[in-house]
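Structural features, examined
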Amino acid sequence: MNETIERSYAKLNLALDVLCRREDGYHELSMIMQAIDLCDIVTVRKRLTADILISCDKPYIPTDERNIAYKAAKAFMNELGESFGVDIDIQKNIPVGGGLAGGSANAASVLLGLNKLANLPFDHQKLSEIGKNVGADVPFCMAAQLAEGKYCALAEGIGEVLTPISPLCDVIYVLVKPKFSVSTKWVYGHLDVSKISKRPDIKQVIAGVEACDIAQIAKNTANVLEGVTIGRYPLIEKLKNDMRSNGARLSLMSGSGSTVFGVFDDKRKAYKAFEHFEKTQGFVFIRESKNACLQGNFCADSRVDTPRFTAECVP
């Protein structure tokens, strides 16, 4: 095998709690993470010279050592103990700086792709260990890709300790990323764990997810990072309120932001919300949680069955 094409699935945080700051500088987390069928397409192919070359269809994405996909390739080669040349081409559909783990998903795709090109020297556990050192969300993204996007898990530790749970189903997601991006490092750097006033009830959220009970999830969930991000970007609170006023049964910020998502159980209301937001926001996405596509194609690869979305503006 000289080439493999991987789908990098985005994630949403159905709940996010920060328990404490660890001695190593990271934060101890407890999160419910749900993969969704919004994906980048990553092509990994061998090359004759021993270089790691990255290309991307978005000019604002770095294609050198700053790209986490490059870091993933380097980490894989170091663990393998030998190097071979590789071209990594990324077709970006997941918006940057939106709290959707697009970069981590690309890194996961590179690790899975390289493992195939190297004739599977590492099992999933070993690949996850490599990925964890590249980015905390990489193990989740890898599991999501192996499950073809149908994956949900309780994520603990720094996000790498995963306990799979049944994915939320029979709902429609509407995502809105405003015309600005948020730095995850900045958000965690300004988080005061002692001042968190509302935390999610993780056990109750898990029960709601497994029962596909949006009301139970909404009653018990929270994203504790919202307090930091909304303090600087109040538009996020407005987007959450607009999402609910347009029929969302649940609305949260994903990760450290800036993406806001709504969970709907009424397709008509979901489309109405999509049409409302696409008039003003930089990126809007709609997707049913089932296999059936609601409308349209957005990936360059025509074999990828994908949902309707608007183009991302440059961050």
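Here the structure is shown first, and the text comes after it.
Residues numbered from 1 in each chain as written. Predicted model: local features only at pLDDT ≥ 70, side-chain atom pairs only at ≥ 80, totals over all residues. Heavy atoms only, no water.

Overview of the overall build of the chain
Assigned secondary structure in the chain consists of 10 helices and 10 strands. The C-alpha atoms of the chain give a radius of gyration of 19 Å, which matches the 20 Å a tight globule of 315 residues would have. Along the first, second and third principal axes, the C-alpha atoms of the chain reach 55 × 45 × 35 Å. Counting contacts in the chain only where the partners sit at least 6 residues apart, residues at least 24 apart contribute 72% of the total. Accessible surface, the chain: about 13500 Å² in total, of which carbon and sulfur atoms supply 47%. (Helix = DSSP H or I, 4+ residues; strand = E, 2+ residues; numbered from the N terminus. Rg over C-alpha atoms; globule rule 2.2 N^0.38 Å. Contact = heavy atoms within 4.5 Å. Areas by Shrake-Rupley, 256 points an atom, 1.4 Å probe, with all protein chains shown as cover.)

Observations concerning the packing of helix α2 (residues 102-117) against helix α3 (residues 124-134)
For any two helices packed against each other, the geometry comes down to the angle between their axes and how far apart the axes lie. The N-to-C vectors of α2 and α3 enclose an angle of 145°; their axes lie 10 Å apart at closest approach. The handedness of the crossing between α2 and α3 is right-handed. For the pair formed by α2 and α3, the contact residues are A107, L111, L112 and N115 on the first element and L127, I130, G131 and V134 on the second. (Axes fitted to C-alpha atoms, helices over the stretch in contact; angles between N-to-C directions. Left-handed = near helix turned anticlockwise from the far one by under 90°.)

A closer look at the side chain of E6
One can find E6 in strand β1 (residues 3-21). Looking at E6, the relative accessible area reads 8%, which means it is buried. Among the polar contacts made by the side chain of E6, one reaches the side chain of T4 at a distance of 2.6 Å. For E6, the residues in contact, after removing those within four places along its chain, are D40, I41, V42, S109, L112, G113 and K116. (Buried < 20%, exposed > 50% of the residue type's maximum accessible area, 1.4 Å probe, protein only. Polar contact = N/O pair within 3.5 Å; in protein donor to acceptor, adjacent residues only side chain to side chain.)

With respect to unusual backbone geometry
With omega at 15°, the peptide bond leading from G257 into S258 counts as cis. Checked against the element boundaries, S258 lands in the loop between β8 (250-253) and β9 (260-264). One non-glycine residue, C212, lies in positive phi territory at about 50°. Within the secondary structure, C212 sits in the loop between α6 (202-210) and α7 (214-220). With a relative accessible area of 24%, C212 lands in the partly exposed category.

What about the sheet that holds β8?
On the basis of which strands lie adjacent, the open sheet formed by four strands has the order β8-β9-β7-β10 and antiparallel pairing. Single-partner strands in this sheet number two, and they are β8 and β10 (283-288). For this sheet the average axis-to-axis angle between neighbouring strands, irrespective of direction, equals 15°. The strands touched by helix α9 (residues 235-245) are β7 (172-177), β8 and β9; relative to β9, the strand with the most contacts, the crossing angle is about 15°. Set on the sheet, helix α10 (residues 267-277) makes contact with β7, β9 and β10; between it and β10 the angle comes to about 170°. (Pairing = 2+ DSSP bridges.)

Digging into the pattern of salt bridges
Taken as a whole and assessed by the stated rule, the structure comprises 16 salt bridges. A salt bridge links D265 to R249; the shortest N-O distance between them is 2.5 Å. Of this pair, D265 sits in the loop between β9 and α10 while R249 sits in the loop between α9 and β8, placing them 16 residues apart in sequence. Given the relative accessible area of 43%, D265 is considered partly exposed. One network of salt bridges, in which partners are shared, links R22, D24 and E28. (Salt bridge = Lys/Arg side-chain N within 4 Å of Asp/Glu carboxyl O.)

Comments concerning the nonpolar core
Judged by nonpolar contacts, the single largest core of 41 residues is most densely connected at V18, L191, L225, M243 and F264. The element that contributes the greatest number of residues to this core is α10, accounting for five residues. Contacts of V18, omitting those with residues within four sequence positions, involve H27, E28, L29, Y188, L191, V193, I196, R199, V224 and L225. Core analysis: the next-biggest nonpolar cluster, separate from the first, contains 34 residues, V42, F76, L117 and V134 among them. (Core = buried A, V, L, I, M, F, W, Y, C linked by side-chain atoms within 4.5 Å.)

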